[in-house]
Amino acid sequence: MSSEMEPPPTEAELPGLARHVAYEIAMANLGASRLLALGQPQENGDLVWSAWVEILLLHSRVLTDFFCRQPTRDDLSAVHYLPEWDANSEDLVWLDGHVPEINKRVMHLTAYRDRRQSDGRDVAETIRRLNVVMIRFLEALPPDSRGWFPIATPSPPS
């Protein structure tokens, strides 16, 4: 069955699917913490730095889609958990504005993929905004569904 034929998630599936959201935030935080620990890349083309940047960007993009997009087909979205979710916060607008750049860097081989290198400030700002959004999302959930997300409420980096 192609993904275009997949039905949307059901209410009964939402508790189990929440672990995927928790995984994405954990991976984004892991990528950011590794990058911040590494400091600036030692040389142009540093593969370790690039690998962690790509991990952060991929998981940031998945979370941005989760928080910003209306669901289509079998996509999971914040509105499945919070129908009144507002995707227009300053943090989400900032994150969503970076999706085209992320796509250039990790989704396609383009002539412009290295036009702008990520640095420590970008990493810290990306993860700070993701965690602010995740905290807002978790705090807006009813207490019974908050427990579906097997993560501690993240603390945004200062």
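Owing to the predicted nature of the structure, the values given are computational and were not obtained by experimental measurement.

## A closer look at the overall build of the chain
Piece 1. Counting its secondary structure elements, the chain contains 7 helices and 0 strands.
Piece 2. Ordered by position from the N terminus, the helices and strands of the chain form the series α-α-α-α-α-α-α.
Piece 3. Taking all 158 residues of the chain together, the buried fraction comes to 39%.
Piece 4. In the chain, the share of contacts with a sequence separation of at least 24, taken over all contacts with a separation of at least 6, comes to 70%.
Piece 5. For the chain, the exposed area adds up to about 9100 Å²; of that, 54% sits on carbon and sulfur atoms.

## Thoughts on the nonpolar core
Piece 1. The biggest cluster of nonpolar side chains holds 34 residues, and the ones touching the most others in it are F67, Y81, W85, M134, F137 and F149.
Piece 2. Elements supplying a minimum of two residues to this core: helix 1 (14–38), helix 2 (47–68), helix 3 (78–81), helix 4 (90–97), helix 5 (99–107) and helix 6 (120–140).
Piece 3. Among the elements that line this core, the one with the most residues is helix 2, at 9 residues.
Piece 4. The contact partners of F67, leaving out residues within four places of it in the chain, are A78, W85, A87, L92, V133, M134 and F137.

## Section: the packing of helix 2 against helix 4
Piece 1. Where helix 2 contacts helix 4, the two axes come as close as 10 Å, and the packing angle between them is 130°. In terms of their interaxial angle, helix 2 and helix 4 are classed as oblique. Here helix 2 and helix 4 pass one another in a crossing that is left-handed. Here helix 2 contributes T64, F67 and C68 to the contact with helix 4, which in turn contributes L92, L95 and D96.
Piece 2. In the contact of helix 2 with helix 4, the residues fall into 4 nonpolar, 1 polar and 1 charged.

## Considering the environment of M27
Piece 1. Assignment of secondary structure puts M27 in helix 1.
Piece 2. As a C-alpha pair, M27 and S60 span 33 residues in sequence and 8.9 Å in three-dimensional space.
Piece 3. Setting aside residues up to four positions removed in sequence, M27 forms contacts with I55 and H59.

## A short note on the packing of aromatic side chains
Piece 1. Inspection of every chain in the model, using the stated rule, returns 10 aromatic pairs.
Piece 2. A centroid spacing of 5.5 Å and a plane angle of 70° characterise the contact between F67 and F137, whose relative ring orientation is edge-to-face. Pair noted here: F67 is in helix 2 and F137 is in helix 6, with a separation of 70 residues, a long-range link. Side by side, F67 and F137 carry an identical accessibility label, which is buried.

## Quick word on the environment of F67
Piece 1. According to the relative accessible area criterion, F67 is buried, its value standing at 1%.
Piece 2. Along the backbone, F67 and W85 are 18 residues apart, and their C-alpha atoms lie at a distance of 8.3 Å.

## Quick notes on the packing of helix 1 against helix 2
The relative placement of two packed helices comes down to the angle between their axes together with the axis-to-axis distance.
Piece 1. Running from N to C, helix 1 and helix 2 point in directions that differ by 150°, and their axes come no closer than 8 Å. Classified by chirality, the crossing of helix 2 by helix 1 is left-handed. Where helix 1 approaches helix 2, its residues V21, Y23, E24, I25, M27, A28, L30, G31, A32, R34, L35 and L38 are matched on the opposing element by V48, W49, W52, V53, I55, L56, H59, V62, L63 and F66.
Piece 2. Here the residues of the contact of helix 1 with helix 2 are counted per class, giving 18 nonpolar, 2 polar and 2 charged.

## Some details on helix 5
For the α-helix, the turn length of 3.6 residues means that residues three or four positions removed from each other point alike.
Piece 1. When we look at burial in helix 5, the residues that qualify are V99, I102, N103, R105 and V106.
Piece 2. Check the buried side of helix 5 and you find it contacts helix 2 and helix 4.

## Focus on the pattern of salt bridges
Piece 1. Counted according to the given criterion, the structure contains 7 salt bridges.
Piece 2. In this structure, D65 engages R69 in a salt bridge whose closest nitrogen and oxygen atoms are separated by 3.4 Å.
Piece 3. A relative accessible area of 21% means that D65 is categorised as partly exposed.
Piece 4. Among the residues examined, R69 registers a relative accessible area of 33% and is labelled partly exposed.
Piece 5. One salt bridge connects D91 with R128, and the closest N-O pair in it is separated by 3.9 Å. Here the residue D91 occupies a position in helix 4, and R128 occupies one in helix 6, the gap between them amounting to 37 residues.
Piece 6. Here D91 falls in the buried class, since its relative accessible area comes to 15%.
Piece 7. Residue classification places R128 among the partly exposed residues on the basis of a relative accessible area of 26%.
Piece 8. A single network of salt bridges, built from pairs that share partners, joins R61, D65, R69 and D96.

Thresholds applied
Residues numbered from 1 in each chain as written. Predicted model: local features only at pLDDT ≥ 70, side-chain atom pairs only at ≥ 80, totals over all residues. Heavy atoms only, no water. Helix = DSSP H or I, 4+ residues; strand = E, 2+ residues; numbered from the N terminus. Buried < 20%, exposed > 50% of the residue type's maximum accessible area, 1.4 Å probe, protein only. Contact = heavy atoms within 4.5 Å. Areas by Shrake-Rupley, 256 points an atom, 1.4 Å probe, with all protein chains shown as cover. Core = buried A, V, L, I, M, F, W, Y, C linked by side-chain atoms within 4.5 Å. Axes fitted to C-alpha atoms, helices over the stretch in contact; angles between N-to-C directions. Parallel < 35°, antiparallel > 145°, perpendicular 65-115°, else oblique. Left-handed = near helix turned anticlockwise from the far one by under 90°. Nonpolar A, V, L, I, M, F, W, Y, C, P; charged D, E, K, R; others polar. Phe/Tyr/Trp six-rings, centres within 6.5 Å; stacked < 30°, edge-to-face > 60°. Salt bridge = Lys/Arg side-chain N within 4 Å of Asp/Glu carboxyl O.

These results come straight from atomic positions and should not be treated as a statement about function.
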